[in-house]
Amino acid sequence: MLQPPGFVDKRFPDHVCRLKKAIYGLKQAPRAWYTALRAFLLSLGFVNSTADASLFIYQKSGSTLYLLVYVDDIIVTGSSHIELSNLISTLAARFSLKDLGCLTYFLGVEVIPSATGLFLS
């Protein structure tokens, strides 16, 4: 690894900078964001799914919440609307997020709610 052109320190030509915080757009940024999100969710009482590292499950007082992370998109669902609202506001207090409302498309799959559940097309 070399110092960037125009920013070479003549006293320490072999030294490079070490980032303490990932900068958006760098290779480390997605991993740093996921690590921070994962630590935050675990502190709230979520557990990582053993089947999928991007799925987090929260179970308490008869309510269950599921949170799925895909790159920088998050899908949240659960059995309690109150718990869902609390989770979204807690996430918004810690991370910059935009609530896009009910899920309609995800990874090219159309999601249609029905009385019996969700229809994926």
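Relevant structure appears above.
Residues numbered from 1 in each chain as written. Predicted model: local features only at pLDDT ≥ 70, side-chain atom pairs only at ≥ 80, totals over all residues. Heavy atoms only, no water.

Novice: Can you tell me about a nonpolar patch on the surface, naming the residues and giving the values?
Specialist: A surface patch of nonpolar side chains, amounting to about 320 Å² of accessible area, comprises Y70, V71 and L107. Among the secondary structure elements, L107 is positioned in the loop between strand 5 (105-106) and strand 6 (109-114). (Patch = residues over 30% accessible without salt bridge, like charges linked within 9 Å, V, L, I, M, F, W, Y side chains within 5 Å. Areas by Shrake-Rupley, 256 points an atom, 1.4 Å probe, with all protein chains shown as cover. Salt bridge = Lys/Arg side-chain N within 4 Å of Asp/Glu carboxyl O. Helix = DSSP H or I, 4+ residues; strand = E, 2+ residues; numbered from the N terminus.)

Novice: Outline the sheet that holds strand 7 (residues 117-120), supporting the account with residue identities and numerical values.
Specialist: Spatial ordering of the open sheet is given by 5-6-7, a layout of 3 strands whose pairing is antiparallel. With one partner strand each, in any of the chains shown, strand 5 and strand 7 form the two edges of the open sheet. Here strand 6 pairs with strand 7 via 4 bridges, running antiparallel. For P113, the partnering residue across the bridge sits in strand 7 and is L118. (Pairing = 2+ DSSP bridges.)

Novice: Now, about the sheet that holds strand 4 (residues 73-78): what can you tell me, with residues and values included?
Specialist: As summarised here, the arrangement of the 4 strands in space is 1-2-3-4, forming an open sheet in which the pairing is antiparallel. Both outer strands of the open sheet, strand 1 (47-48) and strand 4, are each paired with one neighbouring strand and no more. For strand 2 (residues 55-60) and strand 3 (residues 63-70), the ladder comprises 6 bridges, and the chain directions are antiparallel. Directly across from K60, in strand 3, lies its bridge partner S63. Against the sheet, helix 2 (residues 81-94) contacts strand 2, strand 3 and strand 4, and its axis sits at roughly 40 degrees relative to strand 3. (Contact = heavy atoms within 4.5 Å. Axes fitted to C-alpha atoms, helices over the stretch in contact; angles between N-to-C directions.)

Function cannot be read off these values alone, since they describe shape.
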